[in-house]
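Fold and contact review
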Amino acid sequence: MSHSSADLKILRPQNRVRYLKLIALFKIAKGILLLVLGVSLLFLNAQAEWVKNLSDWAGDEILLKHSKVVHYLLNRLQAVLAGGGVFRATGFLSLFYAAVLFTEGIGVYLQKRWAEFLMVFATGALIPLEVRHIYYRPSIAAVIILAANCFIVWFLYRVLKREPASAAASSPKAVVETS
């Protein structure tokens, strides 16, 4: 099977699997970090100074002072959870998003097509927020995360576009490439 010049090496079946597994492990690692954050916000909020510092950091990271919409939504979420406060709401939100990341990561690691679709939409939906974050608080880490998420969306889009659903169901290990 010959490849055109437009065909990218990373999209070839044997390379595609490696990149998919790397992306899946990246998402699982992010899920672990959010799981730790969520559990710490829900169960370790007795240390007042630690909680205050975390609150200030979270407020800066989600650009609370720059967004009336985010501020309004957090206040509404706080009212719904009544009594738990912003930390409790942030803890539950962290646990929810950790579950989404684990679902994406494990599904993509197992090469499930539905997980690839989920990851494209979930990761793509966050890109505008990341661009907004870089606009207000530029940092190298934010740019690297944006670049990684853009690569993930681009790569999975190309994989999904290139492989029809029936081809994705077949094992990529069975595909033999000849020059």
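Residues numbered from 1 in each chain as written. Predicted model: local features only at pLDDT ≥ 70, side-chain atom pairs only at ≥ 80, totals over all residues. Heavy atoms only, no water.

Observations regarding the overall build of the protein
Across its full length, the protein holds seven helices and zero strands. Each helix (α) and strand (β) of the protein, taken in turn from the N terminus, gives the series α-α-α-α-α-α-α. Buried residues in the protein amount to 32% of all 179 residues. In the protein, 72% of the contacts between residues at least 6 apart in sequence involve partners at least 24 apart. (Helix = DSSP H or I, 4+ residues; strand = E, 2+ residues; numbered from the N terminus. Buried < 20%, exposed > 50% of the residue type's maximum accessible area, 1.4 Å probe, protein only. Contact = heavy atoms within 4.5 Å.)

Overview of helix 5 (residues 113-136)
Over its 24 residues, helix 5 runs 36 Å from end to end, which matches the ideal 34 Å to within 8%, given 1.5 Å per residue. Considering bend angle alone, the principal kink of helix 5 is centred on Ile127 and spans about 30°; proline Pro128 follows within four residues of it. Listed as buried for helix 5 are Arg113, Ala115, Glu116, Met119, Val120, Ala122, Thr123, Ile127, Glu130, His133 and Ile134. (Expected span 1.5 Å × (residues − 1). Bend = angle between axes of the 7 residues up to and from the residue.)

Some remarks on the pattern of salt bridges
If you walk through the whole model with that rule in mind, you get one salt bridge. Its salt-bridge partner being Lys27, residue Glu104 comes within 3.7 Å of it at the nearest N-O pair. On the criterion of sequence distance, the pair formed by Glu104 in helix 4 (residues 85-109) and Lys27 in helix 1 (residues 13-43) is long-range, its members being 77 residues apart. An identical accessibility class is assigned to Glu104 and Lys27; each is buried. (Salt bridge = Lys/Arg side-chain N within 4 Å of Asp/Glu carboxyl O.)

Digging into the nonpolar core
The biggest cluster of nonpolar side chains holds 17 residues, and the ones touching the most others in it are Val108, Met119, Phe155 and Leu156. Within the residue set of this core, elements represented by two or more residues are helix 1, helix 5 and helix 6 (140-162). For this core, the element with the most residues is helix 6, which contributes eight residues. For Leu156, the residues in contact, after removing those within four places along its chain, are Leu20, Glu116, Met119 and Val120. (Core = buried A, V, L, I, M, F, W, Y, C linked by side-chain atoms within 4.5 Å.)

So, the environment of Ile32
Structurally, Ile32 can be placed in helix 1. Each C-alpha atom of the pair Ile32 and Phe102 lies 8.2 Å from the other, and the pair is 70 residues apart in sequence.

Notes on a nonpolar patch on the surface
Together, Leu8, Tyr19, Leu22, Phe151 and Trp154 line one region of the surface with nonpolar side chains, adding up to about 420 Å² of accessible area. Those elements that provide at least two residues to the nonpolar patch are helix 1 and helix 6. Looking at the secondary structure, you find Phe151 in helix 6. (Patch = residues over 30% accessible without salt bridge, like charges linked within 9 Å, V, L, I, M, F, W, Y side chains within 5 Å. Areas by Shrake-Rupley, 256 points an atom, 1.4 Å probe, with all protein chains shown as cover.)

Side note on the confidence of the model for the protein
On average, residues of the protein carry a pLDDT of 75, and 60% of them reach 70 or more. Element-level pLDDT for the protein is lowest in helix 7 (residues 165-169), with a mean of 52, against a maximum mean of 89 in helix 5. Residue range residues 173-179 is modelled with pLDDT below 50. Its contacts to residues more than four positions away, or to other chains, number nine contacts. (pLDDT = per-residue confidence, 0-100.)

Quick look at the packing of aromatic side chains
Within the structure shown, the criterion is met by five aromatic pairs. Ring geometry for Phe151 and Trp154: centres 6.0 Å apart, planes at 40°, overall tilted. Of the two residues, Phe151 and Trp154 are both situated in helix 6; the distance of three residues between them amounts to about one turn of the helix. Judged by its relative accessible area of 31%, Phe151 falls in the partly exposed class. Ring plane angle 20° and centroid distance 5.7 Å describe the contact between Phe151 and Phe155, whose orientation is recorded as stacked. Here the residue Phe151 and the residue Phe155 both occupy positions in helix 6, the gap between them amounting to four residues, near one helical turn. Linked through ring pairs, Tyr19, Phe151, Trp154 and Phe155 together constitute an aromatic cluster. Against the face of Tyr109 rests Lys21, its NZ or CZ located 4.6 Å from the ring centre. (Phe/Tyr/Trp six-rings, centres within 6.5 Å; stacked < 30°, edge-to-face > 60°. Lys NZ or Arg CZ within 6 Å of the ring centre and 35° of its normal.)

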